[in-house]
Amino acid sequence: MKKLLLIAPLLLLAGCSSSQTWGWYVIDPTTASGWTNVKFLVSGMWATIQISLIAAVLSIVVGLMVALPGLSEKRGWRLVNRVYVEFIRAIPLLPMLFWVFYGLPIVFQSMGMNVPIDPFWGAIITLAISDSAFTAEIYRAGIQSIARGQREAAQTIGLNYVQTMRYVILPQAIRRILPPLANQFIYIVKMSAFASVIGMQELTRRANELVVTEYRPLEIYTLLIFEYLILVLIISAGVRWLERRMGADERG
Amino acid sequence: MPDAAIELVGVNKWFDTFHVLKDINLTVNSGEKVVICGPSGSGKSTVVRCINQLEKHQKGTIRVDGVELTDDAKSAATIRSEVGMVFQQFNLFPHLTVLENLTLGPIKARGLSRKEAEEKARLYLERVHIPDQADKKPIQLSGGQQQRVAIARSLCMEPRVLLFDEPTSALDPEMISEVLDVMVELANEGMTMVVVTHEMGFARKVADKMIFMDAGEIVEEGKPEHFFTNPQSERCRKFLSQILQH
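What counts as what
- Residues numbered from 1 in each chain as written.
- Chains lettered and ligands numbered in written order.
- Predicted model: local features only at pLDDT ≥ 70, side-chain atom pairs only at ≥ 80, totals over all residues.
- Heavy atoms only, no water.
- Helix = DSSP H or I, 4+ residues; strand = E, 2+ residues; numbered from the N terminus.
- Polar contact = N/O pair within 3.5 Å; in protein donor to acceptor, adjacent residues only side chain to side chain.
- Contact = heavy atoms within 4.5 Å.
- Core = buried A, V, L, I, M, F, W, Y, C linked by side-chain atoms within 4.5 Å.
- Buried < 20%, exposed > 50% of the residue type's maximum accessible area, 1.4 Å probe, protein only.
- Axes fitted to C-alpha atoms, helices over the stretch in contact; angles between N-to-C directions.
- Nonpolar A, V, L, I, M, F, W, Y, C, P; charged D, E, K, R; others polar.
- Pairing = 2+ DSSP bridges.
- Salt bridge = Lys/Arg side-chain N within 4 Å of Asp/Glu carboxyl O.
- Expected span 1.5 Å × (residues − 1).
- Bend = angle between axes of the 7 residues up to and from the residue.

Q: Help me out: how do you make sense of the side chain of Gln172 of chain A in this one?
A: Tracing the sequence through the fold places Gln172 of chain A in helix α8 (residues 161–191). For Gln172 of chain A, the side chain forms a polar contact with the main-chain oxygen of Val168 of chain A, separated by 2.9 Å. Among all residues touching Gln172 of chain A, those that are not within four sequence positions of it are Ile146 and Gln150 of chain A together with Pro94 and His95 of chain B.

Q: Would you take a moment to explain the nonpolar core for this structure?
A: Where a protein is soluble and globular, its nonpolar side chains tend to be buried together. The biggest cluster of nonpolar side chains holds 51 residues, and the ones touching the most others in it are Ile6, Leu8, Leu21, Ile36, Val47, Phe93 and Leu163 of chain B. Residue contributions to this core peak at six residues, all from α8 of chain A. For Leu21 of chain B, the contacting residues outside a window of four places in its chain are Val11, Asn12, Lys13, Gly43, Thr46, Val47, Cys50, Met213 and Gly216 of chain B. Residues Ala134, Ile176, Met210 and Phe212 of chain B belong to the second largest nonpolar core, which totals 47 residues.

Q: What am I meant to see in the packing of helix α2 (residues 32–42) of chain A against helix α9 (residues 203–214) of chain A here?
A: When two helices pack together, you describe them by how their axes are tilted relative to each other and by the distance separating the axes. Residue and element names in this part refer to chain A. It is at 8 Å that the axes of α2 and α9 come closest, and there the two elements cross at 145°. Note on element contacts: α9 touches α2 through Leu203, Arg206, Ala207, Glu209, Leu210 and Glu214, opposite Asn37, Phe40, Leu41 and Val42. For the contact of α2 with α9, a count of residues per class yields six nonpolar, one polar and three charged.

Q: Please clarify how the sheet that holds strand β3 (residues 33–37) of chain B should be interpreted in this entry.
A: Within a sheet, adjacent strands bond to each other through the backbone by hydrogen bonds, running parallel or antiparallel. Residue and element names in this part refer to chain B. One open sheet accounts for six strands, arranged β6-β7-β8-β3-β9-β10; its pairing is mixed. The outermost strands of the open sheet, each flanked by one partner alone, are β6 (83–86) and β10 (217–222). When the angles between neighbouring strand axes are averaged without regard to direction, this sheet yields 20°. Both strand β7 (residues 161–165) and strand β8 (residues 192–196) contribute to a ladder of five bridges, which runs parallel. Bridging from a neighbouring strand, Val161 pairs with Thr192 of β8. Where helix α5 (residues 143–155) meets the sheet, its contacts fall on β6 and β7, and the angle it forms with β6 comes to roughly 170°. Strand contacts of helix α6 (residues 173–188): β3, β7 and β8, with the helix running at about 145° to β8, the strand carrying the most contacts.

Q: Could you clarify how one ought to interpret the pattern of salt bridges in this entry?
A: Any two side chains of opposite charge can pair, on the condition that their charged atoms come close. Residue and element names in this part refer to chain A. One pass over the structure, following the stated rule, counts 23 salt bridges over all chains. Where Arg89 meets Glu86, a salt bridge forms, and the shortest distance between an N and an O atom there is 3.0 Å. Remark: Glu86 and Arg89 occur in helix α4 (residues 75–90); sequence separation between them is three residues, near one turn of the helix. The class for Arg89 is partly exposed, based on a relative accessible area of 34%. A salt bridge links Arg205 to Glu209; the shortest N-O distance between them is 3.1 Å. Residue Arg205 and its partner Glu209 are both found in helix α9; the two are separated by four residues, about one turn of the helix.

Q: Mind showing me how you'd approach the sheet that holds strand β2 (residues 18–29) of chain B here?
A: Residue and element names in this part refer to chain B. As summarised here, the arrangement of the four strands in space is β2-β1-β4-β5, forming an open sheet in which the pairing is antiparallel. Looking at the sheet topology across the chains shown, the edges are occupied by β2 and β5 (67–68). Relative to β2, strand β1 (residues 4–15) runs antiparallel, the two sharing eight bridges. Within β2, the position partnered with Ala4 by the bridge is Asn29. Relative to β1, helix α1 (residues 44–51) is tilted by about 120°, and along the sheet it contacts β1, β2 and β4 (59–64).

Q: What am I meant to see in helix α6 (residues 119–144) of chain A here?
A: Residues separated by three or four positions in an α-helix point in the same direction, a consequence of the helix having 3.6 residues per turn. All names here are of chain A. Here α6 contains 26 residues, and its C-alpha end-to-end distance of 37 Å stays within 8% of the 38 Å for a straight helix at 1.5 Å per residue. The largest bend in α6 amounts to roughly 35° and is located at Ser132. Counting buried residues along α6, 19 of its 26 residues qualify, which places the element largely inside the surrounding structure.

Pasting the structure below:
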C-alpha cells in the first residue's frame, strides 16, 4: 500500500511528460545543460542544511532558557516565560524575517553599534527565535510530565533544586523531550525556504533563479519539493531511530 | 518537652478557601509510634506532608527536633535530613537501579563516598529483606518489594523520624503484610514513626498513640486499647465500625 502511494504520483508525472506541457529536459541529468541545472539546484542543499542545523541548536539552547522560568513557583518568572512564548509564537515567520534582516541593523545603528546582518545569519536568528517559543513549550511539557512525586521524593532525601533537576527530573524528561524536539527540526528545515526572499542561496532561491532563466516552473519546483522530501525523510528516519532507542531504554 | 521529636501547635492550613487543617495540636516523642487514621479528605496526609515541608502551613508552629519550620530553604533542608518519608505511590526513581535509588541521597546530599553509600545501602536492603535485588530497576520488582526499597531509601538517610503516607494503600493484598512486617520490625527497633494508614491490625500491634481525623480536625486521640474498644466520639465510632467490619 505504502509503495503504491509513492509510485502513483511518479507514474502520473511520467505519463504527463510525453505531453507538450512538460519539459523534463530542463533537469535531465543525461544532457549537459540538464546536468548543469540539476547541479545548480542541488548546490543549495548545503546552505539549507547549515541554516537549519545552526538554527536548531540555538533554538534548543534558547528554548531551555525560556522554559525554566516557566516552571518557577514565582509568578513573575512564569510571566516572563508566558510573554515570550505568546509573543514570539504569534509572529508569522516572514514578517519576523523582514524585521530581523531589514530592521534589526537599524536598531543596532540607533544604539551606536554597527552590526551588519547578512542573509545567512538573518535567516538563522529568525528561525532560532521563532522556533524557540515552541521548543520552550516542549521542554516545559516534558518536565511537567514527570510525576510530582518524583520531585517530592528527591526533596525528602535531601536533594536541592539543582540536584533534583539534574539527577531525577531531567534524565527522565529528556526521553520525552528529545523525540518532539527532533521533530521540530523538520519544521525548521521547511521554514528555512523563507530565507530565499532575503537572498540566501539555499534550495528554494536556487530554484527561483533557475525558473527565471529557464521558464520551466513545474519541473523545477517539482524537483525542489523532492529535494525537501528527501531531507525530511532522512530526518524522520533519524527521529524514528531516536524514539526506538529511547523506548528501549525505558523498558530496561 | 526536651524529647519531643515533632511538635505541632495550633497548625492551620488552607488550600485556597478550603480549610484543610484546623488547629492541629500533636506531639510525637522520640521513639513513639503514632498512627493517624480517618476518612479520605480528612487532612491526615496533609499533616504528614506539612511535617516535612512538602506543604506549607499558614498558621501555627511546627517544630522538628526543637527547630521551628519557617519559610527559608535552609530550615526545610535541615528538617528533611531529619525526617524520612515513605509515599503511597513509592516514588522510586525509575531510571535508576535499586542501589542507585538508595545511594543518591547519601552521596549528593550527605557527601558520602560511593563506597560508603553502597555499603550502607546493602545493609538496609538486607534489613528490608531484599538484599539480592540491588541491581534491578524498580519496575522489575513487585509492588511490595518496591515499597520496601522506598523504606530502605529513607533509612539510608538515617532519619530521626520516619513518616508513612498510606504505605500499603497502593499494594495488592498479598503484598501488604511483607511491607507491614518490615514496619513492625522498625517500630520494635525504636524508630520514631508517624503512620497514616487504615491497617488497624498494624496499628494495634505497634501504635503508642492513635489519632482519628475528620474534616481537618483531630477528633479523637488516645492509647490504642481505649481507642479501639471505647471511642469517645460518634464520628470515630462510626468510622471504626466501617473499616473493622471486614
